[in-house]
Structures are given as structure tokens and as C-alpha cells.
Amino acid sequence: MNVSVFGLGYVGTVCSACLAHMGHHVVGVDLNRTKVDLLARGQPPIVERDVAEYVADAVAAGNLRATMDVEEAALDTDLSLICVGTPSRANGSLDTSAVETVARQIGHAIAGKNSYHSIVVRSTVLPGTVRSRVLPILEQEIGGQVGEAFGLASNPEFMREGTAVADFYDPPKTVIGEVDAETADRLVSLYDGLPGPTFRTSLEIAEMAKYADNVWHALKVTFGNEIGAICKRAGIDSHQLMEMFCADEKLNISKAYLKPGFAFGGSCLPKDTRALAHHAVAHDLDLPVIASIGRSNRQQIERGTEWILATGAKRIAFLGFSFKAGTDDLRESPYLEIIERLIGKGCQVRIFDRNVELAKLTGANRSYLYGVIPHVADLMVTSIEEAVAEAEIVVVTAKSPEYRPIAELARPGQRVLDFARLPEAEALESQYDGFLW
């Protein structure tokens, strides 16, 4: 393919060199003459493992050249990758001015072009940037609509400095936020042969994918360091500990617990998080991430309560109220706390949870429940039909088989609020709303 890459920093140079090495014809574009001159001589403007060899070979083979002429680059290629920087402003907000400037330059350059041109934002930008900022600029400059006069996509990169070339050729995934199928198809062809799954999704999901990854990586580093601080103070070998931690690929290093949903509860997570946070303070350790986990969890309960109250409904049915599906454990259940708050606001609540039999509850579990809602027996019913019969809204808390009939039982106008993403509930469409989706 004939590709122009705008921005010859780390991302742009690596992409240019690797795409040219794959056999594509690449034109690198930058307003910095030093970068352009270096690349034209077969020398990379950055220091990165393997890039010097790839640039030299690609330039010698005629697959890679550089220019400062935006119009020339855009007219001679079919697809343009925007790889310019998006630095932080002083207040922490993202500066997308370079992306917008390049989009305007490309749009102006291809305004009279007869062939279809695809513009792809590879720079890291926040969700909504491509649709609300880049797209209007392109349509204004080109004088036509996306999908007709030109193509547009978001295609974030997942490369690490120091291993960028290896990451380019062995990506964890390829994400294409598409507007038009032609541009998405071109990107699939551009990366043909690279391993890993390819996701064709919306612009906003593609933009958010890079932030989810990077913030998760930052959180992992911080978590490891805070655990290390506790271990060091206690004389524990933190590396040996984390080797064992990472050996657990069922829960620790896995998909477990990462789907957005509701707050955690139960007999373990709240108690142990509090204990470790208190232990750190007692040993004069300021560990903000661990200390903030409980606060963040409490805010999730606040969001859930406000979400329900915002409907204005007073008659509310709960399908489940234990802290997770398949158990009768009510200790520190976030749903139990929401129910208590709703009752305090004058709501009439009915609960159906076939796993909870009050007569069989014992010990701390029973004490906790009756300590929060002493009259809980008056709220519980024995069937889903009885729970939803008079309710204005129905709250789903788990993906349990006994809650599937809600799709047939819900009356017109009766809303279903879902904390668990029950597929049958989603089928209600306009009557349905998910908590974090």
C-alpha cells in the first residue's frame, strides 16, 4: 500500500520503518527539517532497538522516504496515519492541537483529489476527539461527507519504548475504530500477517482502548510498589511474594474482576482491604492506592443508589441482594446497603432471592443482615412474579437463571435497571438500562 505517516517521533518513525519493512511504500512527513533529512539519509531521528537497521534497509530499497511537503505526501498515497504528539497541558488536559492541525493540512491537500483517501488517527486521543474535532475539520476542508469523499478511522498503537519494533510485529491486539468500511478494510490489509486478534469497533471504544491499557499498566506498577513498601517494612522479600502472586492465572493475572459492574462486598475483600490499609498507616506508610480502594468502592454504592433514585420510582423490586450470585452471604453486600438507603428515602422494596432463606441464616451472616434491616422478612417474596407485580422498576443484581423471565414479565413502561448485564433483560431495549454500560 501507499502510506503517508505524519509525525516522525517515536510512534511515527517506528510505524514508518516497520510498514516499509513489510513491503509497503511509506512517505514520512514532518515539519522538522532535521528529522526529514536524517530519514532521507537512511538514519532514524530516534534511538530505538532495531529501528536504525530497518530505516537504512527501507530507504535503500526505495520503500521509505521523507518530506516536509504535506500535499505531496497526501496526493501520492492512499492512506495517511496521523502520529503526532498529544502532550499534557499545564492543567493536565490533553493538547490535541497538533492532531487538528495535521488533519486540517491533510484535508486541504486532498480536497481536489479524485481517488478515495483514508485518514487514520494513530495518536493517543481521548474518546470523542476524532468524531467531535477531527471529523468536522476534514469535512470542512474537503467539502464532502465521510464515507463518500474520504475515509476516517482511529487506530491506536500498543508499542512500548525500548521494544517498539517487537511490539509492532507482535501486537497484543489490533484495534480499528471505524467510520467507513473501506478505511477499516484498508487497515486490515495494511497489517495483514501480524498476529493477535483484530477488533473492528466504534471510534470512541478504539480511542478509550489505549487509555484503559496505559492506566491499567500505571495502576499495576503502583500496586506492586505499594505492596513492596509494606513488604520492605515487614522484612518480607517482595519479589518472592509477587512471583507467587503472578503464578495465580485464575484470578490475579486473568480476566477475573475486570468487567465493569457494581461494588465488591462479602466477608473477605472489604475486611482485608481495610486491614492492609490500616496496617500501612500504623507503620507510617502513605500508600494512596491501597488507602483509596475502600473509598472508591463506597462511591460506587453512592452511584448505584443515585442511579435508582433518579428514576423517581417509589415501588422497587430487587432480583437478588446477596453480595454475589449463587450464595446466601449478605455480609457487606452493596445491594443490602442500597436497599437500606432506599427504604430511608421512603421507597417500598420487594426482594426475590431464592438463595437466601432467612430461617437457615446463622452466625455473622444472620447478625449482619438483621443489623442492617431488622424487618427484612417483610420485604422478601417467594417468586419473581410476586416481586415485579407492583414494581415501577426492577433491579437485577446477578446473572442467575431464575431472573431470566424478567423479559416476559416486565410490563410496558416498567423499567429494568441492571447491575449484572443479564442478556434477557437487555432484550427489553427502551425499558432497559445498564449500570456502567
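In the block above lies the structure referred to throughout.
Below or above, wherever it landed, is the structure these notes cover. (Residues numbered from 1 in each chain as written. Predicted model: local features only at pLDDT ≥ 70, side-chain atom pairs only at ≥ 80, totals over all residues. Heavy atoms only, no water.)

1. Section: helix H11 (residues 269-282)
And step 1. Taking 1.5 Å of rise per residue, the 14 residues of H11 would be expected to cover 20 Å, and the 20 Å separating its terminal C-alpha atoms lies within 8% of that figure.
And step 2. Among the residues making up H11, those that are buried are Pro270, Thr273, Ala277 and Ala280. When H11 is viewed along its axis, its buried side chains cluster within an angular range of 100° and face the same direction. Every exposed residue of H11 that faces more than 90 degrees away from the buried side is listed here: His278 and Ala282.
And step 3. Once H11 finishes, aspartate 284 follows within two positions and takes phi at roughly 60°, a positive value. (Helix = DSSP H or I, 4+ residues; strand = E, 2+ residues; numbered from the N terminus. Expected span 1.5 Å × (residues − 1). Buried < 20%, exposed > 50% of the residue type's maximum accessible area, 1.4 Å probe, protein only. Arc of directions from axis to C-beta.)

2. Quick look at the packing of aromatic side chains
And step 1. Summed over the entire model, instances satisfying the criterion amount to 12 aromatic pairs.
And step 2. Here tyrosine 54 and tyrosine 169 contribute two aromatic rings whose centre-to-centre distance is 6.0 Å and whose plane-to-plane angle is 45°, an arrangement assigned as tilted. A residue pair is termed long-range when its members are at least 10 positions apart, and tyrosine 54 in helix H3 (residues 51-61) and tyrosine 169 in helix H7 (residues 164-169) qualify at 115 residues.
And step 3. For tyrosine 54, a relative accessible area of 15% puts it in the buried group.
And step 4. Ring geometry for phenylalanine 419 against phenylalanine 435: centres 4.9 Å apart, planes inclined by 45°, an arrangement best described as tilted. (Phe/Tyr/Trp six-rings, centres within 6.5 Å; stacked < 30°, edge-to-face > 60°.)

3. Notes on unusual backbone geometry
And step 1. For aspartate 284, which is not glycine, the phi torsion reads 60° and is therefore positive.
And step 2. In this structure, aspartate 284 sits in the loop between H11 and helix H12 (288-309).
And step 3. At glutamate 429, a residue that is not glycine, the phi angle is positive and equals roughly 55°.
And step 4. With respect to the helices, strands and loops of the structure, glutamate 429 is situated in the loop between helix H17 (423-426) and strand S13 (432-434).
And step 5. Among the residues examined, glutamate 429 registers a relative accessible area of 63% and is labelled exposed.

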